[in-house]
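# Reading the structure
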Amino acid sequence: MIGTIDRTYECQRCGVAYIWTIGEQLAAGGVQPLPRLCPACAHLLPPVGRERGLVKWYNARRGYGFISRPQGEELFFHRSALPADAGPIGPDLLVEYGIEHTEKGPQAAEVKVLPA
Ligand SMILES: [Zn+2]
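Conventions used here
- Residues numbered from 1 in each chain as written.
- Predicted model: local features only at pLDDT ≥ 70, side-chain atom pairs only at ≥ 80, totals over all residues.
- Heavy atoms only, no water.
- Core = buried A, V, L, I, M, F, W, Y, C linked by side-chain atoms within 4.5 Å.
- Buried < 20%, exposed > 50% of the residue type's maximum accessible area, 1.4 Å probe, protein only.
- Helix = DSSP H or I, 4+ residues; strand = E, 2+ residues; numbered from the N terminus.
- Contact = heavy atoms within 4.5 Å.
- Polar contact = N/O pair within 3.5 Å; in protein donor to acceptor, adjacent residues only side chain to side chain.
- Donors = N, O, S within 2.8 Å, 3.2 Å for Na, K, Ca; no water.
- Tetrahedral: all angles 85-135°; square planar, octahedral: opposite > 155°, others 65-115°.

Let us now look at the nonpolar core. Listed in full, the twelve residues of the largest apolar core are Val 55, Tyr 58, Ile 67, Leu 75, Phe 77, Ala 81, Leu 82, Ile 89, Val 95, Tyr 97, Ala 108 and Val 111. Those elements giving two or more residues to this core turn out to be β3 (50-59), β5 (74-78), β6 (94-102) and β7 (105-113). For Ala 81, the residues in contact, after removing those within four places along its chain, are Ala 108, Ala 109, Glu 110 and Val 111. Among the nonpolar cores identified, the runner-up in size contains seven residues, and Cys 11, Tyr 18, Leu 37 and Cys 41 belong to it.

If you want it as structure tokens, here you go:
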């Protein structure tokens, strides 16, 4: 519900109190995304359903590679998951991605290169 006043929440990640302004409430349609995060944490964390990892290696000629996930597993990704305007892809590049479950196992989808 859209309030008529700014609302105060406690960040569910770092515990800091922050204000969710009327303007932000209107922009979000009155629905505070969960988990409720302060602007700093919201900026640092990937959106719901996506995660961030580092490119382990990528073979441009073969068109695929692997991402090191936060828990250490490796995740396959194919050239088709990269944006058309992606620059050179190489080790230690920070990327954000969704996870798609295929017959061959999980793979990264909609891979986005993040600024270092
Ligand atoms: Zn926070």
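Within the fold, Ser 80 resides in the loop between β5 and β6. Note: C-alpha distance between Ser 80 and Glu 110 (30 residues apart in sequence) is 8.4 Å. In terms of polar contacts, Ser 80 uses its side chain to reach the side chain of His 78, at 2.9 Å.

Moving on, we come to the coordination of the zinc ion. With distances of 2.3 to 2.4 Å, the protein atoms coordinating the zinc ion are Cys 11 (SG), Cys 14 (SG), Cys 38 (SG) and Cys 41 (SG). The coordination sphere of the zinc ion comprises four donor atoms, whose angles at the metal cover 106 to 113°; the geometry is tetrahedral. Linear spacing of the donor residues for the zinc ion on their chain is C-x2-C-x23-C-x2-C. Taken as a pair, Cys 11 in the loop between β1 (7-10) and β2 (17-20) and Cys 38 in the loop between α1 (22-27) and α2 (39-44) lie far apart in primary sequence, 27 residues in all.

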